[in-house]
Amino acid sequence: QSAYPIEEIRADFPILSRTVRGGKPLVYLDNASTTQKPVQVISAIDDYYRNHNANIHRAVYELAEEATGAYEAARDKVARFINSPSREEVIFVRGTTEAINLVAYSWGRANVGPGDIIVTTEYEHHSNIVPWQLLAKEKGAELAYIDIDEKGELLLEQLDEHLETGRVKLVTFSLMSNVLGTISDVQGIASRCKAAGVPVLIDGAQAAPHMRVDVQALGCDFFAFSGHKMLAPTGIGALWVRREILEKMGPFHGGGDMIREVHKFETTWNDLPYKFEAGTPNIADTVGFGAAIDYLEGLGMEDVRRHEKSITEYALKRMAGVKGMTIYGTDEISRRGGVISFNFADVHPHDVAQIVDGEGVAIRSGHHCAQVLMEKLCVPATNRASFYVYNTREDVDALVTSLDKVARLFKLE
Ligand code: PMP
C-alpha cells in the first residue's frame, strides 16, 4: 500500500496557501461545517460555464446535449459512490436539509398520521429534528428520541421500547454526529427496524465525506448527504431513496421538468428521478459535485478514513494534554470520525475560537445546529475542530499550541 500523498493533495487546494490574520498560514479545521475545494472542482465549474452552459433536458442543440450529459454523468457518479442499485434512485437536492424536508413532505405527509411515532436521536442536527417536528404537529403524530450515554453512544434499548409500541413509522439518525463524531451502530439500528418493518432514514451529511458508504449494505431506505462537506460546491447534495418507496412517493415541488403532461386541471408526472427535480436545477454545481466524487474516488475512501483516523487519534492524544480541557465523545477511535468537540473550564467557546483564530487556526464555536445535544451536555456551546483529507499533524500541532495559549491566558491548571 502506497503512502498517503498529503503534499500533492494539499497542492490541489489553492486556499490552503493563503495566509490569514497578518501573515499566519491558514490552518483550516472547520471541515464538519464545510470543506475547501480542490482545483479540479473549481476547474470543472469554470469549464462548464466557459464551454458548455445551457439548460438541460430540453433543447436539442449541441450545447444543451453537453450540459445534459455532464449533469447526468454526475448522477451516475453519485449512484456509484453510494452503491445505489440504479441511477433513478438518486435525486439531486440543495443539500441534506432539503433532502430530509423532501422526505418529510412527500413521504411523511402520506404515511404518518395521528398517534404515529417518528424516532430520532439526541445527537441530530436541527435539519433532522425540525422537519419531523413540523410533520408531527401537522399530523398529530409524536416525535421520540433515542438518548445517548456518557460516551455519546446511542442507547439502543430505547429503540426497542419505541418499536414495541407498534406505532413507529420511521426511524431517522445521523450516521456520524457532527458534534461528537460518534459513528452510529447502523447494523444494530437497521436490523431492529427491519425486523419491525419500519423504514430507516440516514442523515449521511457527516458520513458520506469520510467513509465508504454502501446504501445497500447499510440497510436503509433513505440516505441524505451534502456535496459541500465533501469537496463539492455549496447548494448541491443528493437524496437516495429505495425504489419501492420512491415509486409510491408523490412529488415535492411542482413545476417544469417534473411533469409528463400538463392540462388545465390534471398533470401526469415525469419518470424517476425527474419527478422530484422541478425547475432548472443547479447544473454547474452538480458537475462540480461529480468532479469532487472523482477526486475522492481517486484517493480511495478507505485511505481517506485511514488518514482521518490517524489525525484524530493524534489530536485526541495531544489535546488531552492541554490544561483545563474537556473533550466530548468516545476515545475509541473506531467508533468516531474526525470531529472533536471540546470546552475549557469556564472560558466561553467564542473567546477560545477568537484566540485560536488569532494564530491562523479556524475552528468552530457554537451549538453546531445541535441544541438538543447541547442541552444533554448541559452546555450552551462547544468548540469543535474537524479534519479532512488535506489536514496534517502539523495542523494539529498548530491547534494545540494555540489552545495552550488559551490555557495560559486564562490561567487554567
Ligand atoms: N446533518 C448533519 C449531521 C450535518 O452536519 C449538517 C451540516 N452541518 C446537516 C445535516 C445539514 O446539511 P446542509 O446544511 O448541507 O443541508
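Residues numbered from 1 in each chain as written. Predicted model: local features only at pLDDT ≥ 70, side-chain atom pairs only at ≥ 80, totals over all residues. Heavy atoms only, no water.

1. Looking at the packing of helix α3 (residues 62-81) against helix α10 (residues 283-299)
- At their nearest, the axes of α3 and α10 sit 8 Å apart, and the two run at 40 degrees to each other. Accordingly, the angle class assigned to the pair α3 and α10 is oblique. Relative to α10, α3 is oriented so that their crossing is left-handed. For the pair α3 and α10, contact is made by Ala67, Ala70, Tyr71, Ala74, Lys77, Val78 and Phe81 and by Ile283, Thr286, Val287, Phe289, Gly290, Ile293, Asp294, Leu296 and Glu297, respectively.
- Counted by class, the contact of α3 with α10 contains 11 nonpolar, two polar and three charged residues. (Axes fitted to C-alpha atoms, helices over the stretch in contact; angles between N-to-C directions. Helix = DSSP H or I, 4+ residues; strand = E, 2+ residues; numbered from the N terminus. Parallel < 35°, antiparallel > 145°, perpendicular 65-115°, else oblique. Left-handed = near helix turned anticlockwise from the far one by under 90°. Contact = heavy atoms within 4.5 Å. Nonpolar A, V, L, I, M, F, W, Y, C, P; charged D, E, K, R; others polar.)

2. Looking at the sheet that holds strand β10 (residues 237-241)
- Overall, mixed pairing links the seven strands, which are arranged β4-β10-β9-β8-β7-β5-β6 in an open sheet. Each edge of the open sheet is held by one strand with a lone partner, namely β4 (90-93) and β6 (142-146). On average, each strand axis in the sheet is inclined to that of its neighbour by 20 degrees, with strand direction left out of account.
- Pairing of strand β8 (residues 200-203) with strand β9 (residues 222-226) involves three bridges; the strand directions are parallel. Within β9, the position partnered with Leu201 by the bridge is Phe222.
- Those strands touched by α3 are β4, β9 and β10, and its axis lies near 120 degrees from that of β4. (Pairing = 2+ DSSP bridges.)

3. Comments concerning the site of the ligand
- Around the ligand there are 13 residues in total, and Thr97, Asp203, Gln206, Ser226 and Lys229 lie nearest to it.
- A distance of 2.7 Å separates an oxygen atom of the ligand from a polar atom in the side chain of Ser226.
- One of the side-chain nitrogen or oxygen atoms of His228 is found 2.7 Å away from an oxygen atom of the ligand.
- Alone, the ligand offers 400 Å² of accessible surface; in the complex the protein occludes 85% of this.
- Looking at the shell around the ligand residue by residue, the class counts come to one nonpolar, 10 polar and two charged. (Near = heavy atom within 4 Å. Polar contact = N/O pair within 3.5 Å; in protein donor to acceptor, adjacent residues only side chain to side chain. Areas by Shrake-Rupley, 256 points an atom, 1.4 Å probe, with all protein chains shown as cover.)

4. Overview of the UniProt feature "domain: Aminotransferase class V" (unreviewed entry) in the protein
- What UniProt calls "domain: Aminotransferase class V" (unreviewed entry) maps, in this numbering, to residues 27-399.
- End-to-end, the C-alpha atoms of residues 27-399 are 8 Å apart, and along that stretch the chain is 40% helix and 17% strand. (UniProt positions renumbered as here; feature names shortened; annotations may be inferred.)

5. Describing the nonpolar core
- By size, the foremost hydrophobic cluster in this structure holds 81 residues, and its most contacted members are Phe223, Phe289 and Val389.
- Here this core gets 10 residues from one element, more than from any other, and that element is α10.
- Not counting residues within four places of it along the chain, the set of residues in contact with Phe223 comprises Leu175, Ile202, Gly204, Ala208, Val213, Val215, Leu218, Ala238, Leu239 and Trp240.
- Within the second largest apolar cluster, 28 residues are counted, among which are Ala315, Val322, Ile355 and Val361. (Core = buried A, V, L, I, M, F, W, Y, C linked by side-chain atoms within 4.5 Å. Buried < 20%, exposed > 50% of the residue type's maximum accessible area, 1.4 Å probe, protein only.)

6. Description of the sheet that holds strand β17 (residues 382-386)
- Pairing within the open sheet is antiparallel, and its four strands lie in the order β13-β14-β17-β16. The sheet is open, and its two borders are formed by β13 (325-327) and β16 (364-366), each paired with just one other strand. Taking each pair of neighbouring strands and ignoring which way they run, the sheet shows an average axis angle of 30 degrees.
- Across three bridges, β13 lies against strand β14 (residues 339-344) in antiparallel orientation. Bridge pairing in β14 places Met325 opposite Phe344.

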